[in-house]
2 protein chains.
Amino acid sequence: MATIRDVAKKAGVSVTTVSRALNGYSDVSEKTREKIKMIAKELNYSPSLLARSLVMKKTKTIGLLVSGLRIEGSKDNFTFEVLCGVNDCAGELGYELVLISTDSKKQQEKTYNQLCKERKVEGVILQGIKTDDPYLDEVLKSDIPCILIDIPIESDSVGYVTTDNKGGAETAVEHLLNLGHKHIAMINGHSQAFVSRERLAGYQAALNCISFNESYVVNGAFLEDTAERETTKLLKAYPEISALFCASDLMAMGQ
Amino acid sequence: MATIRDVAKKAGVSVTTVSRALNGYSDVSEKTREKIKMIAKELNYSPSLLARSLVMKKTKTIGLLVSGLRIEGSKDNFTFEVLCGVNDCAGELGYELVLISTDSKKQQEKTYNQLCKERKVEGVILQGIKTDDPYLDEVLKSDIPCILIDIPIESDSVGYVTTDNKGGAETAVEHLLNLGHKHIAMINGHSQAFVSRERLAGYQAALNCISFNESYVVNGAFLEDTAERETTKLLKAYPEISALFCASDLMAMGQ
DNA sequence: TTGTATGCGTTATCAG
DNA sequence: CTGATAACGCATACAA
């Protein structure tokens, strides 16, 4: 692996000059720059991001911390879509993406802070952690800038993005009402999820709190089979139900 | 950010000793080790993987190079499943995963070699590149260890994994035959894809090359809408077709 | 316009 | 058992 020193030696200049030439500084004669560029290409040189990051104290790296990245979730393509979006954006901004996947086993070995600091990520995007996940506390205590997906918490170093969960749910349920349904049940996720609470609120709002019936709401844990089981029980108990509002695609597929 | 020097200073020992104590070397007294460990925890110290990698010449990092990582592909969860699998395995082995996503724009800026060498990845897994992708040549010329997914090429530094495409296709088509279908069409991907060629071979094999009719095979480019369009044309031209064998889930969904 | 010297945070070599 | 010291590959203040 050719280093900057190899280039310097072959070009008969100092490392400093090579560094500046390749990084586009203006205080280098075009002649030397061209020569250096040529030799760099010749030697197949590419600067070590490791060394650069070390001295610059900038890694241009953000961590994508996905909790519960499991193949069973592949039908629900939300995580994948998030990944694509983050990746696109990071790419445009010249940032790298490192995958920091955690499971309960790993969480005991290394703290969130360790995980992030040793990699020197400049920021973190967290997807899939629950509001009662122990990691969440660590995240909030840490000073590493981070963005939570679908958890509405803000502080100096913490932000979040989410969708209009309530509005969306409201629209969906209104649609069912317009179709003439009188008894609409809801298959929700779980109470630890912010999105579930919001969507429930939307469901209630659409029903105007009048025809709202608590018994019509069950939790499917965002899982296909759980949702199916719960739905079966629900329909057996309340045969009058003519429509279902599911809080996630995967759970809808369970029907 | 606490460095190893901070720990050393506070512990009243040299950096060397701290390094060895924390890395589990035996030539350090248990008393010093405990003290150092305590102080390290106290200072919230975690070693910089950057610095460590630089001196050790080992990054413990593998690159996941996904070509065409786009949100439109999210319905087809194959890429996501690959990601999960790779991630699981890498995690167990103590490797990091960095996402190297490429598109035609990026490919012109940086070569495969640059992309990998500057990050010092120790190996690469390539998913989604086509057999006629210019990157493929670079990959083969490079000496960076890599694994191709669904492209059967081997060399000193290149390996691959794939599924039994031919056998799977054969089984699928045989199933349709057993159901009594006489005119089975195939919606394939594209001819640049190894898997498409294999699956076509399986399709032919199942039909025993007897009832094989070339006109019954069209390419859907692995895209939902293309597959739909091609299928419509096909069915219009050959109304006798009673079953379709699709080379990918996504294309089947297009029906 | 170019070069010298220093430091980034580690680990490794070699003496004590 | 412990500690100087030299790398690793690069960028930058400071000189020349």
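Because the structure is a prediction, the values reported are computed rather than measured.

(A) Spotlight on the relation of the copies chain B and chain A. The operation relating chain B to chain A is a screw motion whose rotation component is 180°, with 0.1 Å of axial translation and a residual RMSD of 0.2 Å. On the angle and the small slide along the axis, the relation comes out as a two-fold axis. By C-alpha distance to the rotation axis, the residue of chain B lying nearest is Val98(B), at 2.3 Å. When the interface residues of chain B are mapped onto chain A, 100% of them again lie at the interface, so the same face is used by both copies.

(B) Quick look at the protein's contact with DNA strand D. Around DNA strand D sit 27 residues in total, of which Ile4(A), Tyr25(A), Arg52(A), Thr16(B) and Thr17(B) are the nearest. A share of 63% of the atoms of DNA strand D within 4 Å of the protein falls on sugar and phosphate groups. Within the side chain of Ser19(A), a nitrogen or oxygen atom sits 2.9 Å from a phosphate oxygen of DNA strand D. Measuring from a phosphate oxygen of DNA strand D, one finds a backbone N or O atom of Ser48(A) at 3.0 Å. Ranked by residues supplied to the surface near DNA strand D, first place goes to helix 4 (residues 49-56) of chain A with 4 residues.

(C) The arrangement of the sheet that holds strand 5 (residues 158-161) of chain B in detail. Strand order in the open sheet formed by 10 strands is 5(A)-4(A)-3(A)-1(A)-2(A)-2(B)-1(B)-3(B)-4(B)-5(B), and the pairing between neighbours is mixed. The open sheet terminates on both sides in strands that have one partner only, identified here as strand 5 (158-161) of chain A together with strand 5 of chain B. Adjacent strand axes in the sheet meet at a mean angle of 25° when their direction is disregarded. Relative to strand 4 (residues 146-149) of chain B, strand 3 (residues 123-127) of chain B is paired through 3 bridges, and the arrangement is parallel.

(D) Examining the sheet that holds strand 7 (residues 217-219) of chain A more closely. Residue and element names in this part refer to chain A. Ordered in space as 7-6-8, the 3 strands form an open sheet in which the pairing is parallel. The open sheet terminates on both sides in strands that have one partner only, identified here as strand 7 and strand 8 (243-246). If you compare each strand with its neighbour and ignore which way they point, the axes differ by 25° on average. Pairing of strand 6 (residues 184-188) with strand 8, which is carried by 4 bridges, proceeds in the parallel orientation. What sits directly across from Ile 184, in strand 8, is Ala 243. Together, strand 6, strand 7 and strand 8 form the strand contacts of helix 10 (residues 194-206), whose direction differs from that of strand 6 by roughly 175°.

(E) Quick look at the interface of chain B and chain A. The interface of chain B with chain A comprises 36 residues on the first partner and 36 residues on the second. When the two sides are added together, the surface that chain B and chain A hide from each other amounts to roughly 3600 Å², 64% of it contributed by carbon and sulfur. If you sort the residues of chain B by the area they bury against chain A, Leu50(B), Phe80(B) and Glu118(B) come out on top, with a joint share of 18%. Across the chain B-chain A interface, the total number found is 2 salt bridges. One salt bridge connects Glu96(A) with Arg119(B), and the closest N-O pair in it is separated by 3.1 Å. Joining chain B to chain A, the criterion identifies 8 residue pairs in polar contact (both at pLDDT 80 or more). Among the secondary structure elements, those contributing two or more residues to the side of chain B that touches chain A are helix 4 (49-56), helix 5 (78-92), strand 2 (96-102) and helix 7 (112-119) of chain B. At 8 residues, helix 5 of chain B tops the list of elements feeding residues into the side of chain B that touches chain A. The class makeup of the residues in the side of chain B that touches chain A is 14 nonpolar, 12 polar and 10 charged. Across 3 bridges, strand 2 (residues 96-102) of chain A lies against strand 2 of chain B in antiparallel orientation. Following the sheet pairing, Leu99(A) is matched in strand 2 of chain B by Leu97(B).

(F) Quick peek at the nonpolar core. Core analysis: the largest hydrophobic core is formed by 36 residues, its most contacted members being Tyr112(A), Val124(A), Leu126(A), Tyr112(B), Val124(B) and Leu126(B). When near neighbours in sequence (up to four residues on either side) are disregarded, Val124(A) contacts Gly63(A), Leu65(A), Tyr112(A), Cys116(A), Ile144(A), Pro145(A), Cys146(A) and Ile147(A).

(G) Seen up close, the domain arrangement of chain A. Per the domain assignment, the segments of chain A are domain 1 (4-56), domain 2 (61-161) and domain 3 (165-253). Between domain 1 of chain A and domain 2 of chain A, the C-alpha centre-to-centre distance is 36 Å.

(H) Spotlight on the pairing of strand 3 of chain B. Residues and elements named next belong to chain B. Taking burial as the measure, the 5 residues of strand 3 include 5 buried ones, the bulk of the element. Pairing of strand 1 (residues 61-67) with strand 3, which is carried by 5 bridges, proceeds in the parallel orientation. Bridged to Leu 64 within strand 3 is Ile 125. Regarding topology, helix 8 (residues 134-141) serves as the crossover connection from strand 3 to the parallel strand 4, and that connection is right-handed.

(I) Geometry of the protein's contact with DNA strand C. The environment of DNA strand C is made up of 29 residues, and the closest members are Thr16(A), Thr17(A), Ile4(B), Ser19(B) and Arg52(B). Near the protein, meaning within 4 Å, the atoms of DNA strand C are sugar or phosphate in a fraction of 61%, with bases accounting for the rest. The separation between a phosphate oxygen of DNA strand C and a polar side-chain atom of Arg52(B) is 2.7 Å. Those elements that place two or more of their residues in the surface near DNA strand C are helix 2 (15-22) and helix 4 of chain A together with helix 1 (4-11), helix 2 (15-22) and helix 4 of chain B.

(J) Structural detail: unusual backbone geometry. A positive phi angle is found at Lys60(A), which is not glycine, with a value near 55°. Among the secondary structure elements, Lys60(A) is positioned in the loop between helix 4 and strand 1 (61-67). Residue classification places Lys60(A) among the partly exposed positions, given a relative accessible area of 37%. Phi is positive for Lys57(B), close to 55°, though the residue is something other than glycine. Among the residues examined, Lys57(B) registers a relative accessible area of 73% and is labelled exposed.

What counts and how
- Residues numbered from 1 in each chain as written.
- Chains lettered and ligands numbered in written order.
- Predicted model: local features only at pLDDT ≥ 70, side-chain atom pairs only at ≥ 80, totals over all residues.
- Heavy atoms only, no water.
- Least-squares fit on C-alpha atoms with pLDDT ≥ 70 in both.
- Contact = heavy atoms within 4.5 Å.
- Near = heavy atom within 4 Å.
- Polar contact = N/O pair within 3.5 Å; in protein donor to acceptor, adjacent residues only side chain to side chain.
- Helix = DSSP H or I, 4+ residues; strand = E, 2+ residues; numbered from the N terminus.
- Pairing = 2+ DSSP bridges.
- Axes fitted to C-alpha atoms, helices over the stretch in contact; angles between N-to-C directions.
- Buried area = accessible area lost by both parts, 1.4 Å probe.
- Salt bridge = Lys/Arg side-chain N within 4 Å of Asp/Glu carboxyl O.
- Nonpolar A, V, L, I, M, F, W, Y, C, P; charged D, E, K, R; others polar.
- Core = buried A, V, L, I, M, F, W, Y, C linked by side-chain atoms within 4.5 Å.
- Buried < 20%, exposed > 50% of the residue type's maximum accessible area, 1.4 Å probe, protein only.
- Domains from an automatic or database assignment.
- Right-handed = clockwise from strand over helix to strand, strands pointing away.

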